[in-house]
Amino acid sequence: MTTHPAATASDVSVGLAAVLEEIACTVARAAGRLVVDERPVDLGVSSKSSATDPVTVMDQRSQELIIELLAAARPDDAVLGEEEGGSTGTSGLTWVIDPIDGTVNYLYGIPAYAVSVAVVVGDPAVAGAWQPVAGAVLNPESGELFHAHLGGGARLTTDAGTRTLRTTAATDVAHALVGTGFGYAADLRRRQAELLVDLLPRVRDIRRHGGAALDLCGLAAGRLDAYYESALNPWDRAAGELVAREAGAVLGGPVGDVLTRDLVWGAAPGLAAQFGPLVRELSARHVGSVD
């Protein structure tokens, strides 16, 4: 449960946003070490929204660690996480966290999952009513840490150092490499597959990596030219959305620039005018509402 006193991005100074970014990085690194170093033989797998939507004991342990660290660093902030737990706050800031984004990859030992930690203003339960101001996305397997704060640009930190992120210079949808993902409900997956079949002949190719956070960061890093997905929750995209925007990506939803569960799309600036209307039309035709 969270509380959301009136707050806007303008209430967060540049200096505070930079501090929040550093906290997000520190917390993401700690959770990343946990899920790698203390991964048990038995992951205690259960299911959530459907039989194909797994959760492991490490999802919960990672979230508990993140909440503990955030409580120590920012005791007045609220926390909203994917798994059980969370806390109320009085500061007007809410940490939106995904302790393991890409749990299926984690379960199968595929090194493409992430710890996603973001802090937002506004109410993350209401589409269009919140905005990320700082965040970090860590791939614990590669050690890549994507991070940003509002107005400060996006960066990628590895053992080799830190570099600024920018989207590609792509301008032709027909040559665009596009990322996407799928939900867990069978009927939704069928509709998403229909959209994919319609879109695939119109683009260079499709990539499906298994986690929205890393896909959005891939857009920021120029590893994808565009991205779209439906059925995303705030914790799936909050940090990655900020990293992508700060790297120059244009993001939108089914109507205008409000991202919703029905559709989140992003593209390099030179593609947005083509890709946005295309994926909106195909999403409306094949997927429709996911709620």
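Below is a summary of the structure that appears in this document. Every value quoted in this text rests on a predicted model; they were computed, and no experiment measured them.

Quick look at the environment of P124 now. Mapped onto the secondary structure, P124 falls in the loop between strand 6 (114–122) and strand 7 (130–138). By relative accessible area, which is 4% here, P124 ends up buried. Separated by 12 residues in sequence, P124 and A136 place their C-alpha atoms 17 Å apart.

This part covers the nonpolar core. Counting 26 residues, the largest nonpolar core has L20, I66, L70, W95, I97 and V117 as the members making the most contacts within it. Ranked by the residues each element gives to this core, the list is headed by helix 1 (residues 14–37), at eight residues. Residues within four places of V117 in sequence aside, it is in contact with A24, V27, A28, I66, W95, V96, I97, A134, G135, A136 and A239. Of all hydrophobic cores here, the second largest spans 24 residues; its members include A170, A176, A231 and V279.

Taken together, the four bridges between strand 3 (residues 78–81) and strand 5 (residues 93–101) define a ladder with parallel strand orientation. Considered in strand 5, the bridge of G81 is made with I97. Relative to strand 4 (residues 86–87), strand 3 runs antiparallel, the two being bridged by two bridges. Residue L80 lies in a different strand from strand 4, and its bridge partner there is G86.

Here we take up the layout of surface pockets. In this structure, the second largest pocket occupies an estimated 220 Å³ of space. Lining the second largest pocket are 13 residues; nearest its centre among them are W130, E241, R245, D257 and L259. Every element with two or more residues in the lining of the second largest pocket is listed here: strand 7 and helix 6 (234–246). For the lining of the second largest pocket, the class distribution of residues is six nonpolar, two polar and five charged.

Turning next to the packing of aromatic side chains. The final tally for this structure, using the stated rule, is two aromatic pairs. With a centroid separation of 5.0 Å and an interplanar angle of 75°, the aromatic rings of Y106 and Y113 are classed as edge-to-face. Like Y113, Y106 is buried. Ring geometry for W265 against F275: centres 6.4 Å apart, planes inclined by 65°, an arrangement best described as edge-to-face. Of this pair, W265 sits in strand 15 (residues 264–267) while F275 sits in helix 7 (residues 269–286), placing them 10 residues apart in sequence. The residues W265 and F275 share a single accessibility class, namely buried. Here the basic side chain of R39 rests over the ring of Y106, its NZ or CZ set 4.6 Å away from the ring centre.

Parameters at a glance
Residues numbered from 1 in each chain as written. Predicted model: local features only at pLDDT ≥ 70, side-chain atom pairs only at ≥ 80, totals over all residues. Heavy atoms only, no water. Helix = DSSP H or I, 4+ residues; strand = E, 2+ residues; numbered from the N terminus. Buried < 20%, exposed > 50% of the residue type's maximum accessible area, 1.4 Å probe, protein only. Core = buried A, V, L, I, M, F, W, Y, C linked by side-chain atoms within 4.5 Å. Contact = heavy atoms within 4.5 Å. Pairing = 2+ DSSP bridges. 1 Å grid on protein atoms, 1.4 Å probe; cavity = no way out; pocket = protein on both sides within 12 Å on 5 of 7 lines; lining within 4 Å. Points joined across faces, edges and corners; volume = space filled by probe spheres on them. Nonpolar A, V, L, I, M, F, W, Y, C, P; charged D, E, K, R; others polar. Phe/Tyr/Trp six-rings, centres within 6.5 Å; stacked < 30°, edge-to-face > 60°. Lys NZ or Arg CZ within 6 Å of the ring centre and 35° of its normal.

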